[in-house]
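One-letter residues, chain by chain:
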Amino acid sequence: MTTQAKSEQDNFRPSANFPSSVWGCSFASLSFQYSEFESLCKEVEIFKEKVKDILMQSTRGLIENIEFIDILCCLGVSYYFENEIEEQLNHIFIALPTFLHENDYDLHVAALLFRILRQHGHKVTCDVFNKFKDNDGRFKKTITNDVKSLLGLYEASFLSVHGEDILDEALAFTKPYLETLAEQASPHLAEHIKNSLVWPIHQSMERLKIHQYISFYEKEESRNETLLKFAELDYNRIQLLYRQELAILSRWSRDLNVMHKYPYTRDRIVEAYVWALGCICEPQFGASRWMIAKYVQMETVLDDTYDAYGTLDELYRFTAAFERCNVDGIDDHLPGYMKYLYKDFLKLFEETENDGNERSSLKTSYAKEMFKELTRGYIIEAQWAKNGHVPAFDDYVQNGLIVSTCDVLASAFLLGMKDVGIKEMVWIRSNPKIVNSAKLLGTLKNDIAGHEEEQKRGDSPSSVECYMKEFGVSKEKAVKEIDKIFVNAWKDINEELLLQPRRVSKIILKYFLNFGRMSEFLYKFLDFYTNPSSMKDYVTKLLVDPFSI
């Protein structure tokens, strides 16, 4: 390559033409509805006591108890009774062998016990499903007549770990029957089945599943009106809280003036907040949601700078300058837009670095290191793209673990948590199975959803392209093989969730479970984040429209 050609290549500036924001600054003008929020809080407290009484009464029978706990979880109100539920599930787990031995339980009960106990960290054996197989080792056809049992077995199959072939068989067995039933059932039941097929409980965004279940439960003839009203009141109450958080973030984004300074990037503060909400939805963790959403938006500008705007020469300079990560590190040779970006990152870090809390200062330093690592991953991708290089699949994946943003966003999550610090950072950096799997889902799900769009934009090669080239296979075959990685990643996540004793708290583990869930959500059909119109209906359900009570 001649010097002139190399210079032209280094200074080539691509153009991504990302879709515009569908929300703009519409949430920035919202004010908090204090009177409505306080009214909802008072009503919720009244109904909470009523529901707690029902929960305690349900302990008289094991089946009644586990079914009621399941409904509380599905309706999104189980967090009010965490201690009571944990104690009750401990008793159920201890009593389970005797119960299974002495009772002729059906598949619905077996699947429900298995799923709820595993979701709460109890390793129930998958042998509970053996009795539903025939002499040939296949699931009995008779169970296909019971929709509740089929759905239960299907949902339970997503809690499998390595070596549990019966659960892989359960998924393969139930899915086609449920797909057929979804076309034949009543509209009410058909919608419920279709939602489960697309969004299984264990692998889906928590608040989305809560909305779906409340919508289903309110049409159930056997519904408990007290429980339904409690769930709807609490959903509306928390939605007001979420909207207030988003309003504050929208004003922050407006003041940041993203699209003026970085017109090439994606303006996605609303979608960034949904991402944060998917990672940590409990109402008391608003500080973590704020930090995650801010980091998502700033990481988006960074990503688009490396992928869709910066020349290779500019990116080298920015990467080197970012290693210093202080005001003295701003390179005079950086172009104006990069100086703005550098300064905006320093302002972001200053928000938590100088709040007088020693832990915050430490966690901010950790966040800086994660962003430095991210820029090093991005510059590798930029080199691949500019040089037309398609790396080996394993090399791509190793860099993909970095650019998945999992570590960066985890640092934002930690910044919002008061009682975490070095122990959690050390654990995350040891890359345990659940963390590694969350990263794999983040990077590879993105690739599957956005492969074609990214190639049109001239981005770096995706995992699909790398697999196709290395193994000489079609795109369809590559996607199929990468799907197997997803299956194994979820099994690794499930194994880590069942480990006893836990090395970190449940909320830390749940964050990485939720990161995996958000990868499933954001990249289910296409890249929802890049194409915000495809996410609009979900945003409306989660943040705009309350339930009518």
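Our structure is the block above this text.
Computed from a prediction, not measured in an experiment: that's the story for all the values here.

Colleague: Hey, could you run me through the overall build of the protein in this one?
Modeller: The helix and strand inventory of the protein stands at 24 helices and zero strands. Expected size for 549 residues packed as a compact globule is a radius of gyration near 24 Å; at 25 Å, the protein falls within 12% of this value. The C-alpha extent of the protein, read off along each of the three principal axes, is 80 × 60 × 45 Å. Residues counted as buried form 58% of the 549 residues belonging to the protein. Excluding contacts between residues fewer than 6 apart, the proportion of contacts in the protein whose partners are at least 24 apart in sequence is 74%. Surface accessibility of the protein: about 23,800 Å² in total, with carbon and sulfur atoms responsible for 50%. Taking the 65 positively charged and 83 negatively charged side chains of the protein as two groups, their mean positions are separated by 1 Å.

Colleague: What is the right way to look at the layout of surface pockets in this model?
Modeller: A water-sized probe, rolled over the atoms, reveals where empty space remains. Counted as a void, the second largest pocket has a volume near 630 Å³. If you go around the second largest pocket, you meet 23 residues; those closest to its centre are Phe 158, Leu 171, Lys 175, Gln 203 and Val 487. Elements supplying a minimum of two residues to the lining of the second largest pocket: helix H6 (147–157), helix H7 (165–184), helix H8 (187–198) and helix H22 (475–498). Among the elements that make up the lining of the second largest pocket, the one with the highest residue count is H22 (seven residues). Here the residues of the lining of the second largest pocket are counted per class, giving 11 nonpolar, four polar and eight charged.

Colleague: Teacher, can you tell me more about the environment of Asn 135 here?
Modeller: Relative to the assigned elements, Asn 135 resides in the loop between helix H5 (107–119) and H6. A C-alpha to C-alpha distance of 41 Å links Asn 135 and Glu 218, two positions 83 residues apart in sequence.

Colleague: Is there a simple way to think about a nonpolar patch on the surface in this case?
Modeller: Side chains of Leu 362, Ile 422 and Val 426 sit close together on the surface and give an oily, nonpolar patch of about 270 Å² of accessible area. Mapping Leu 362 onto the fold places it in helix H16 (residues 358–387).

Colleague: Explain the nonpolar core here, please?
Modeller: Within soluble globular proteins, side chains that are nonpolar tend to cluster in buried spots. The biggest cluster of nonpolar side chains holds 184 residues, and the ones touching the most others in it are Phe 129, Trp 275, Tyr 295, Phe 512 and Phe 521. Take this core: its biggest share by element is 13 residues, from helix H10 (residues 225–256). In this view, Phe 129 contacts Leu 107, Ala 110, Ala 111, Phe 114, Phe 139, Leu 153, Ala 156, Ile 166 and Leu 167; residues no more than four positions away in its chain are not counted.

Colleague: Looking at this structure, I do not really get empty space enclosed by the protein. What am I missing?
Modeller: Tallied over the entire structure, the rule returns two cavities of 30 Å³ or more. Approximately 50 Å³ is the volume attributed to the second largest cavity. Taken together, Trp 427, Glu 496, Leu 499, Pro 501, Arg 502, Arg 503, Val 504 and Leu 509 form the lining of the second largest cavity. Tallied by class, residues from the lining of the second largest cavity come to five nonpolar, no polar and three charged.

Colleague: Looking at this structure, how should I read the packing of aromatic side chains?
Modeller: Remark: the centre distance and the inter-plane angle together describe each pair of aromatic rings, the angle taken between the planes. On inspection of all chains with the given rule, the structure shows 45 aromatic pairs. Ring geometry for Trp 23 and Phe 27: centres 5.4 Å apart, planes at 55 degrees, overall tilted. Accessibility expressed as a relative area gives 14% for Trp 23, which makes it buried. Here Tyr 511 and Phe 512 contribute two aromatic rings whose centre-to-centre distance is 5.0 Å and whose plane-to-plane angle is 85 degrees, an arrangement assigned as edge-to-face. A relative accessible area of 1% places Tyr 511 in the buried class. Under the relative-accessibility criterion, Phe 512 is labelled buried at 0%. Joined through ring pairs, the aromatic side chains of Tyr 295, Tyr 306, Phe 318, Phe 322, Tyr 342, Phe 345, Phe 349, Phe 371 and Tyr 378 make up one cluster. A cation over an aromatic ring shows up here: Lys 445 above the ring of Phe 486, its NZ or CZ 4.2 Å from the ring centre.

Thresholds applied
- Sequence order as written defines the numbering, with residues in each chain counted from 1.
- Reporting in this predicted model follows two pLDDT cut-offs: at least 70 for local features of residues, and 80 or more for side-chain atom pairs to be given and counted; totals over whole chains, interfaces and linings ignore these cut-offs and use all residues.
- Calculation of side-chain values draws on the structure's entire complement of heavy atoms; hydrogens and water are dropped beforehand.
- A run of H or I in DSSP becomes a helix once it reaches four residues, and a run of E becomes a strand once it reaches two; helices and strands are each numbered from the N terminus.
- Each radius of gyration reported is based on C-alpha atoms, and the globular scaling rule is 2.2 Å times the count of residues to the power 0.38.
- Only protein chains enter the calculation, and the probe is 1.4 Å; a residue is then buried if its accessible area is under 20% of its type maximum, exposed if over 50%, and partly exposed in between.
- Note on definitions: a residue-residue contact is assigned when non-hydrogen atoms from the two residues lie within 4.5 Å.
- To be clear on the numbers: accessible area is Shrake-Rupley with a 1.4 Å probe, and residue cover counts the displayed protein chains and nothing else.
- We treat Lys and Arg as the positive residues and Asp and Glu as the negative residues; His and chain ends play no part in the count.
- The atom standing in for a charge is NZ when the residue is Lys, CZ when it is Arg, CG when it is Asp and CD when it is Glu.
- Here the term cavity refers to a set of points on a 1 Å grid, laid over the protein atoms alone, in which a 1.4 Å probe fits but cannot get out; the term pocket refers to an open set having protein on both sides within 12 Å along at least five of seven lines, with lining residues being those that place an atom within 4 Å of a point.
- Grid points are joined across faces, edges and corners, and a volume is the space filled by probe spheres set on the points.
- Think of it as three bins: nonpolar holds Ala, Val, Leu, Ile, Met, Phe, Trp, Tyr, Cys and Pro, charged holds Asp, Glu, Lys and Arg, and polar takes everything else, Gly as well.
- Patch construction takes residues with relative accessible area above 30% that form no salt bridge. Like charges are linked within 9 Å, and nonpolar side chains (Val, Leu, Ile, Met, Phe, Trp, Tyr) are linked within 5 Å.
- The working definition used for a salt bridge is a side-chain nitrogen of Lys or Arg within 4 Å of a carboxyl oxygen of Asp or Glu.
- Side-chain atoms within 4.5 Å are what join buried Ala, Val, Leu, Ile, Met, Phe, Trp, Tyr and Cys residues into a set we call a nonpolar core.
- Within 6.5 Å between ring centres, the rings of Phe, Tyr and Trp (the latter by its six-membered ring) count as paired, and their orientation is classed by plane angle as stacked under 30 degrees, edge-to-face over 60, tilted in between.
- Counted as over-ring charges are cases with an Arg CZ or a Lys NZ within 6 Å of the ring centre that also lie within 35 degrees of the ring normal.

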